[in-house]
Amino acid sequence: MNNFQKGMFDKIQSNSNINPDEIMKVADSLKSANFSDEKTVRNLVRHLSRMADKPLSKEKEDKIVQSIVNNKMPGDLQSLNQLFKK
């Protein structure tokens, strides 16, 4: 795991109380997932939201889904954090 990934997992765990191992299990289950498929991505976002016990508004969910589907996810933690806060 590189420093970016470790930092991201540490940030996720501190903000959401999700164990990085749980995230890795989800990630492993999605290795062959089609992230350009909105339904697949929406299901993933909802699943992670439930895992974190952090409900998302429809607007925020839509924004995250569209960012993933359109391959426009930020590459740094600060920008990623801003996406989730909007």
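Asks: Teacher, can you tell me more about the pattern of salt bridges here?
Replies: Two side chains of opposite charge can pair, provided their charged atoms sit close to one another. Evaluation of the coordinates by the stated rule reveals six salt bridges. Glutamate 38 is paired through a salt bridge with arginine 42; the nearest N and O atoms lie 2.7 Å apart. Of the two residues, glutamate 38 and arginine 42 are both situated in helix H3 (residues 38–52); the distance of four residues between them amounts to about one turn of the helix. Aspartate 62 is the salt-bridge partner of arginine 42, the closest N and O atoms lying 2.9 Å from each other. With arginine 42 in helix H3 and aspartate 62 in helix H4 (residues 58–69), the pair connects residues that are 20 residues apart, well separated along the chain. When its relative accessible area of 10% is taken as the criterion, arginine 42 is described as buried.

Asks: What am I meant to see in the packing of H3 against H4 here?
Replies: For any two helices packed against each other, one specifies the inter-axial angle together with the distance between the axes. The contact between H3 and H4 brings their axes to 9 Å, and the two run at 130 degrees. With respect to H4, the element H3 is oriented oblique. Seen along the crossing, H3 lies across H4 with a hand that is right-handed. Along the contact surface, H3 presents Glu38, Val41, Arg42, Val45 and Arg46, while H4 presents Lys58, Glu61, Asp62, Ile64, Val65, Gln66, Ile68 and Val69. Its residues assigned to classes, the contact of H3 with H4 shows six nonpolar, one polar and six charged.

How each quantity is defined
Residues numbered from 1 in each chain as written. Predicted model: local features only at pLDDT ≥ 70, side-chain atom pairs only at ≥ 80, totals over all residues. Heavy atoms only, no water. Salt bridge = Lys/Arg side-chain N within 4 Å of Asp/Glu carboxyl O. Helix = DSSP H or I, 4+ residues; strand = E, 2+ residues; numbered from the N terminus. Buried < 20%, exposed > 50% of the residue type's maximum accessible area, 1.4 Å probe, protein only. Axes fitted to C-alpha atoms, helices over the stretch in contact; angles between N-to-C directions. Parallel < 35°, antiparallel > 145°, perpendicular 65-115°, else oblique. Left-handed = near helix turned anticlockwise from the far one by under 90°. Contact = heavy atoms within 4.5 Å. Nonpolar A, V, L, I, M, F, W, Y, C, P; charged D, E, K, R; others polar.

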